[in-house]
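Each chain, letter by letter, is given below.
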Amino acid sequence: MSELSSEKRTTDLRERIRGLMPQVRADLYALTRIPSVSLDAFDPAHVEASAEATAALLRAEGLEVEIVREGGRPAVIGRRPGPPGSRTVMLYAHHDVQPPGDEALWDSPPFEPTERAGRLYGRGAADDKAGVMAHVAALRAHGDALPVGVTVFVEGEEEVGSDSLPTILERHGEKLRADAIVLADSGNWDVGEPALTTTLRGNVRAVITASTLDHGVHSGMFGGVVPDALMVLVRLLAALHDDEGNLAVPGLREGVAADLDYDEARLRRESGLLDGVEPVGSGSLLTRMWTKPSLTTIGIDAPSVATSSNTLLPTAAAKVSMRIAPDEDDLAAFERLREHVLAHVPWGARVEVELDERGAGFAADAEGPVYDEARAAFHDAWGVAPVDIGVGGSIPFVAAFAERFPDAAILVTGVEDPDTRAHGANESLHLAEFERVCLAEALLLARLGALPA
Ligand SMILES: [Zn+2]
């Protein structure tokens, strides 16, 4: 396509998206009003309702829609073929949401979408009902002239770990097969600064249990001779980091994050680090957060301070959550952790290290024609080129798609910005930014439709 017609296409789609936004926003409000929390403790009828609402939105765009259940919450699959010989693009989002948490912390009710100062507040207003609506907006922008085949897949249990996703991919995978996959559940680098998320860390959770006695005994009588379980456990946990605070488990992979501007002041502001407390680890801050392994003790089974007594504890346990480099093998990483812990056991104590949960990370092959078109579409929508970012956390479904569709280009996009507070109180969506997200996706479909096979 000539440069001139490409510019005209951008202008046309920009105007069309602008005209569509009032209805797109109205539909987003309606979706956000449905309290579709997928946790077991919440009424599953609301997740059913959000699946139905999502299905209706897709049907209205001419997609053939079905709601599938494979033992978990309902997912919505909608398909519409493109012109003969055209590429197929899969568009992913999720219609379930996190619980609202303490409603007293919200400035407006979580399930009553409310606009303030250019942002839309509500649980799911960003994560990820805006992702659903970005896909719908892109479809609407193309109307009857959809340039590619499209499969929309909207999951209903992302916030509880996508347990039935592997089964859905196994049973319905053929319907979901695509040349490019757009996973709209991440975010941009900042307002006005678009990004593609090209790496995610994996996660390995393990439970370390230490035992030294077959029953608790008086700490005054035997203390000083008989080691207690907590004494052992504390030493094992301390052996997991070096003096700088780097993870001390040897043999784990680590990568280098993209060179973006992120300073200690921003880290302090975003994390709430107390004055005088130093960051740990070595390497750039983003490398430490995105591409190096880290480990957090997330729980300890030991007597509480309130119920403590003068007893040598026979058994104590800790659960650790280890984030691993994007390209690390999760099972191999667990083995390294286990060996390291067992190599540091003092005084012949009995120690077990058990795998609790694991999930691989993701490192996109962020090159090739689909990525080129995505970068160009983002550039057209924002006026600046997107940056590659990482996410320190793990999104298990990304690895599941990468494994099931190894030949598809996977683009992780999204509507979030640094103030979104997904999962927190006062979650919100930047509305002007949301319009650019919708435009970028409409432009991407146009570009992929114009790309020679
Ligand atoms: Zn999400």
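Use the structure listed above.
In what follows, the accompanying structure is described.

Reading guide: rules and limits
Residues numbered from 1 in each chain as written. Predicted model: local features only at pLDDT ≥ 70, side-chain atom pairs only at ≥ 80, totals over all residues. Heavy atoms only, no water. 1 Å grid on protein atoms, 1.4 Å probe; cavity = no way out; pocket = protein on both sides within 12 Å on 5 of 7 lines; lining within 4 Å. Points joined across faces, edges and corners; volume = space filled by probe spheres on them. Helix = DSSP H or I, 4+ residues; strand = E, 2+ residues; numbered from the N terminus. Nonpolar A, V, L, I, M, F, W, Y, C, P; charged D, E, K, R; others polar. Axes fitted to C-alpha atoms, helices over the stretch in contact; angles between N-to-C directions. Parallel < 35°, antiparallel > 145°, perpendicular 65-115°, else oblique. Left-handed = near helix turned anticlockwise from the far one by under 90°. Contact = heavy atoms within 4.5 Å. Patch = residues over 30% accessible without salt bridge, like charges linked within 9 Å, V, L, I, M, F, W, Y side chains within 5 Å. Areas by Shrake-Rupley, 256 points an atom, 1.4 Å probe, with all protein chains shown as cover. Salt bridge = Lys/Arg side-chain N within 4 Å of Asp/Glu carboxyl O. Lys, Arg positive; Asp, Glu negative; His and termini not counted. Charge placed at Lys NZ, Arg CZ, Asp CG, Glu CD. Phe/Tyr/Trp six-rings, centres within 6.5 Å; stacked < 30°, edge-to-face > 60°. Lys NZ or Arg CZ within 6 Å of the ring centre and 35° of its normal.

Here the focus is the layout of surface pockets. Considered as a void within the structure, the second largest pocket measures approximately 210 Å³ in volume. Forming the walls of the second largest pocket are 15 residues, and the residues nearest its centre are Asp-365, Pro-406, Ala-408, Ala-409 and Ile-410. At the level of elements, helix H10 (369-382) and strand E17 (409-416) are the ones that each hand at least two residues to the lining of the second largest pocket. Considered class by class, the residues forming the lining of the second largest pocket number 11 nonpolar, one polar and three charged.

Below, the discussion takes up the packing of H10 against helix H12 (residues 431-450). Two numbers describe how H10 lies on H12: the axes approach to 8 Å, and their chain directions differ by 140 degrees. For the element pair H10 / H12, the angle class is oblique. Classified by chirality, the crossing of H12 by H10 is right-handed. Of the residues in H12, those in contact with Val-370, Glu-373, Ala-374, Ala-376, Ala-377, Phe-378, Asp-380, Ala-381 and Trp-382 of H10 are Glu-433, Arg-436, Val-437, Leu-439, Ala-440, Leu-443, Leu-444, Arg-447 and Leu-448.

Right, let's get into a negative patch on the surface. A cluster of acidic side chains, namely Glu-193, Asp-259, Asp-261 and Asp-263, defines a negative patch on the protein surface. Within the secondary structure layout, Glu-193 lies in the loop between strand E7 (180-187) and strand E8 (195-200).

Here the focus is the packing of aromatic side chains. In this structure the tally under the stated criterion is eight aromatic pairs. An aromatic cluster is built from Tyr-92, Phe-153, Phe-397 and Phe-401, whose rings are joined through pairwise contacts. A cation over a ring is seen here: Arg-116 above Tyr-121, with NZ or CZ 4.0 Å from the ring centre. When the ring centre of Trp-189 is taken as reference, the NZ or CZ atom of Arg-266 above it lies at 4.6 Å.

We now examine empty space enclosed by the protein. This model, assessed by the stated rule, comprises one cavity of 30 Å³ or more. Taken as a whole, the largest cavity encloses approximately 90 Å³ of empty space. What lines the largest cavity is simply Val-182, Phe-378, Trp-382, Thr-413, Gly-414, Val-437, Ala-440, Glu-441 and Leu-444. No other element matches the four residues that H12 contributes to the lining of the largest cavity. By residue class, the composition of the lining of the largest cavity is six nonpolar, two polar and one charged.

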